[in-house]
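# Fold and contact review
Each chain, written out:
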Amino acid sequence: MAKILIVDDSADIRLLLSRTMKNAGYEVFQATDGSEVMPAVHSYQPDLILLDVSMPKVDGFTALGALKNDPRTKTIPVIMITAKGHPDDLDTARNLGALDYINKPWSNGEVELRVQWAITALEQQRSARQRRKVEHDQSKEDAKLAELERLSAEEEHGAGGRNTLAS
Amino acid sequence: MGRRTRAMTRVRTWRFQSSNSAHRRVALLVPGFVAFAATAFTEFSPVNPGVTAFLLWTPAEVGLWAFLLGAGFIWSARMDLKAARRGLSEVRRAEELRRAISAIGVAASWDLDLNRLYRRISQDLRSIIEFDRFTVTSALPTGRMRIEFVNGNAHEGLETGSLLPLSPSEPDGLLEEYRAQYKSRLTAAIPACSGTLTIRSREADRYTADHLDLLRQAIAQISPGIANATVFRASERQVRERTVLAEIGRAVTSEQEPHAIFESVDSSLSRLISYDHLGVVLVDDGDAFYRAGGAGSIVYWSRDGLAERSRGDRIRLDPCVFSLTDVIQRTGFDPLGIGASGKVDDRGSRVWLQAPLVVQERLIGLLMLSSDDAGAFGPEQAALAQNVSLQIAPAIRNAQMLAAERELRETLDRQNQQLYEANNARKQFLSTVSHELKTPLTIISGFIDLLASKDGVSSEEDRRETLRIIRKNADQLDVLINDILDISRLDAGTFKINPAPFSVNKLIADLHASFQSVLKLRSQTLTVQSNEDDTWIDADRARISQVITNILSNACKYSPEKTEINLICEIDGDRLHLAIVDHGIGMTGEEQQSLFTAFFRADNETTRTVPGTGLGLVIAKSITELHGGEVRLKSRPGVGTTIELWLPGLTAKVTAEELPQAAFTGSRLWPERDLSELDLGAD
């Protein structure tokens, strides 16, 4: 079950999103401000973060920047939530490394769909990485064998060569 | 050989001439004596019998005769010799004088400095004529004379450079005393500088006609020297003038600030003209000025010592300055010819020189020079001032135009900045409005979706909670939309108030009751202090209620929990005075200034945790002002905020029957809903 962290200062929004996400079958954690994002990420290890832009203490963009600067958390996909919907905000979010951007008001289906898409992509990415890792390991194994073969062949050949020189 | 003979002859002739008449006479007497002796000898010769008796004279008699004769001759010769010597010394004396006079002339032709020249002349003249005081004066076109040079004892008011009337109209004590001191006087004109040379002696009847003749001869010798020196001085002054004018020209082209131009003109011109003050006056209307005088303002006044004038003063300019006859009469020069004019101050001896500043045939102002020295300004100075004013007038005009242009640019920049700020404020407004509207809308639609979905809401309790949230957010939206509508109506000027008499005490009691739920949430208390039992006011009750509600909700929002909020209600003169005092976070001066602008919210952590549109106080202020009242704010960060209102329209108590119906048909009443449901506190 994928873990989702919801960060928003409005209790009602958090309640709405958590119910929607829970209904869609995700495990949900909550944070009320940008300043709580990093501790929450470290303690819950979420697979996806839904991050509100306007929050009182630390806003969403700042929190996003902090997430993407930390190598341990930069791979976690982040979907920004905002009511402002200004093109500049969209650019800011994209430049900072947000995966997606949801404008208020949204329909629940839309949020579900986007989250689902993001999680699916994440899983695919993970499995691909796993496959690559396996393939990589396999190829490393192959390379080792080939090297051994080459070395042993050389040994034989080399011995022959030395013999030729001595004669 | 021949050349040598000629030289010898010349020497001999010179010797003869130098031995002069005495020797010549003696030389002439000797042959005379010989001739006499020869005659006497032939007359009384023993050869001639007629005179034999003569031979009977004893040798003593002959000797006596010869002695007498000889002595007579010798005496006569001595007399002649004496007379000859006297004549010789007179000739020598005359020659010495001639030499001295010509030496004066030679010396005079050597020096081009007038002052040194006069000193030299005065020293050289002493060898010819004795005197106690030597003065050179020159006549000025202003009907005065100036003392150019003095050699002798110092007398107050009679130094070099002093000005004297040519013919004093009234007896001058100083001059009388001076004249009494020097009993003899000899004056001769110096045509070369249109002046006079006067020598004075303390002795009475010291000078004769011969002395005057000598003095005239001396002046004839020095005249070319004086003429040269005068021309030299004039050309030197021209060079200096050109230099200064060039300096002014440079300053005028390089400076753009009028004041810098005036300062430069002041410092340069003061080297050419000796004046006490330089002023520049810009006139309001040049045409009017020419007709009947006019007003202007002093834009520059050097050395602010002159009490009655200083920079920035408005002055009335006297048209009689330009009365030609007056100017010509007083100053002796024609202002039409040279443009500048002079005027003697009526109050004192101060003289003025004024040169018009003319650009494109329009008078823009005057360049004024003043001096306490009555002879300071003559045609030369006037011409110079006119020249300077011709140079600076276009520069002043340019500077004025530049200043006007700069001002225009600044105005445009300011307007641009205001528009930019207004545009930014509009953007900010839209952004805030969209955020504040969309959040409740999202919540409402989201929860409705949840309710609509099959497995959205599991329990009955969840369903009720969901509906409560929807209700709350719908109310929030309502408040917000009403605020925005109010703001846009206030902005457009279509906001209506329907005044009707109502009881302030009743209103406050109602508000107190309705705020209880909000206060309870944050454990705050609202204390009402009122001096009056039953105060009535003629105002829009719903709107005044809105005003107080807005201020009170702010006080609740921005005060910590468990604090007290005071509402003071009293009568101040003919107005109702309400004060809402909280002990909350307060505001800085900067925040207070922008508080009454739409959507402003003080930017700090606490305010960011409190939702709100920032419209409340703007609406409160506008409504109060629509009622003819005023709102004042006092706040200190960390101490608290006090908002005070004054409302006019206090009225007597009105019974229910007397109330006009309009009071009840007014717009929406405020507050109608349960305030505790609104999102007023931090969650």
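Below is a short write-up of the structure. Source: prediction; values computed, not measured.

Along the backbone of chain A there are 5 helices and 5 strands. Mapped from its N terminus to its C terminus, chain A presents α and β elements in the order β-α-β-α-β-α-β-α-β-α. Within chain A, the proportion of its 167 residues that are buried is 40%. Partitioning the contacts of chain A with sequence separation of at least 6, the portion at a separation of at least 24 is 63%.

What follows is about the overall build of chain B. The helix and strand tally for chain B stands at 18 helices and 19 strands. The buried share among the 683 residues of chain B stands at 40%. A separation of at least 24 residues holds for 61% of the contacts in chain B among residues at least 6 apart in sequence. Looking at chain B as shown, the accessible area adds up to about 38,200 Å², and 54% of this sits on carbon and sulfur atoms.

This brings us to the interface of chain B and chain A. With 26 residues of chain B at the contact, the number on the chain A side is 19 residues. Both sides of the chain B and chain A interface together cover about 2,000 Å² of buried area, and 57% of this is carbon and sulfur. Our count for the chain B to chain A interface comes out at 2 salt bridges. Of the charged contacts, one joins Asp12(A) and Lys472(B) as a salt bridge, the two residues approaching to 3.3 Å between their closest N and O atoms. Counting the contacts that link chain B with chain A gives 4 residue pairs in polar contact (both at pLDDT 80 or more).

A few words now on the packing of aromatic side chains. Counting across every chain of the model gives 4 aromatic pairs over all chains. Between Phe29(A) and Tyr44(A), the aromatic rings sit 4.2 Å apart at their centres with planes inclined by 5°, giving stacked as the arrangement. Residue Phe29(A) is located in strand S2 (residues 27–31), and its partner Tyr44(A) is located in helix H2 (residues 37–44); the two are separated by 15 residues in the primary sequence. Exposure remark for Tyr44(A): the relative accessible area of 31% places this residue in the partly exposed category. With centroids separated by 5.8 Å and ring planes inclined at 40°, the aromatic side chains of Phe131(B) and Phe134(B) adopt a geometry described as tilted. Taking NZ or CZ as reference, Arg632(B) lies 4.5 Å from the ring centre of Trp646(B), over its face.

Residues and elements named next belong to chain A. Strands sit in the order S2-S1-S3-S4-S5 across an open sheet of 5 strands; the sheet is parallel. If you trace the sheet from one side to the other, it starts and ends with S2 and strand S5 (100–103), each paired once. For this sheet the average axis-to-axis angle between neighbouring strands, irrespective of direction, equals 20°. Of the strands in this sheet, strand S1 (3–7), S2, strand S3 (48–52) and strand S4 (78–82) touch helix H1 (residues 11–23), which is tilted by about 165° from S2. This element, H2, spans S1, S2 and S3 of the sheet and lies at about 165° to S1.

For the rest of this paragraph, the subject is the pattern of salt bridges. Following the criterion strictly, the structure yields 27 salt bridges over all chains and no others. Between Asp486(B) and Arg489(B) there is a salt bridge, and its shortest N-O distance comes to 3.2 Å. One end of the pair, Asp486(B), and the other, Arg489(B), are both in helix H12 (residues 460–492), 3 residues apart, so they sit about a helical turn from each other. Between Arg632(B) and Glu630(B) there is a salt bridge, with the nearest N and O atoms lying 3.4 Å from each other. According to the relative accessible area criterion, Glu630(B) is partly exposed, its value standing at 25%. The network of salt bridges with shared partners includes Asp100(A), Glu110(A) and Arg114(A).

All names here are of chain B. One finds Ile-551 and Ile-565 to be the most contacted residues of the largest nonpolar core, which totals 42 residues. Apart from the residues within four sequence positions on either side, Ile-551 is in contact with Ile-580, Leu-617, Ala-620, Ile-643 and Leu-645. Residues Leu-245, Ala-355, Ala-385 and Val-388 belong to the second largest nonpolar core, which totals 32 residues.

Parameters and conventions
- Residues numbered from 1 in each chain as written.
- Chains lettered and ligands numbered in written order.
- Predicted model: local features only at pLDDT ≥ 70, side-chain atom pairs only at ≥ 80, totals over all residues.
- Heavy atoms only, no water.
- Helix = DSSP H or I, 4+ residues; strand = E, 2+ residues; numbered from the N terminus.
- Buried < 20%, exposed > 50% of the residue type's maximum accessible area, 1.4 Å probe, protein only.
- Contact = heavy atoms within 4.5 Å.
- Areas by Shrake-Rupley, 256 points an atom, 1.4 Å probe, with all protein chains shown as cover.
- Buried area = accessible area lost by both parts, 1.4 Å probe.
- Salt bridge = Lys/Arg side-chain N within 4 Å of Asp/Glu carboxyl O.
- Polar contact = N/O pair within 3.5 Å; in protein donor to acceptor, adjacent residues only side chain to side chain.
- Phe/Tyr/Trp six-rings, centres within 6.5 Å; stacked < 30°, edge-to-face > 60°.
- Lys NZ or Arg CZ within 6 Å of the ring centre and 35° of its normal.
- Pairing = 2+ DSSP bridges.
- Axes fitted to C-alpha atoms, helices over the stretch in contact; angles between N-to-C directions.
- Core = buried A, V, L, I, M, F, W, Y, C linked by side-chain atoms within 4.5 Å.

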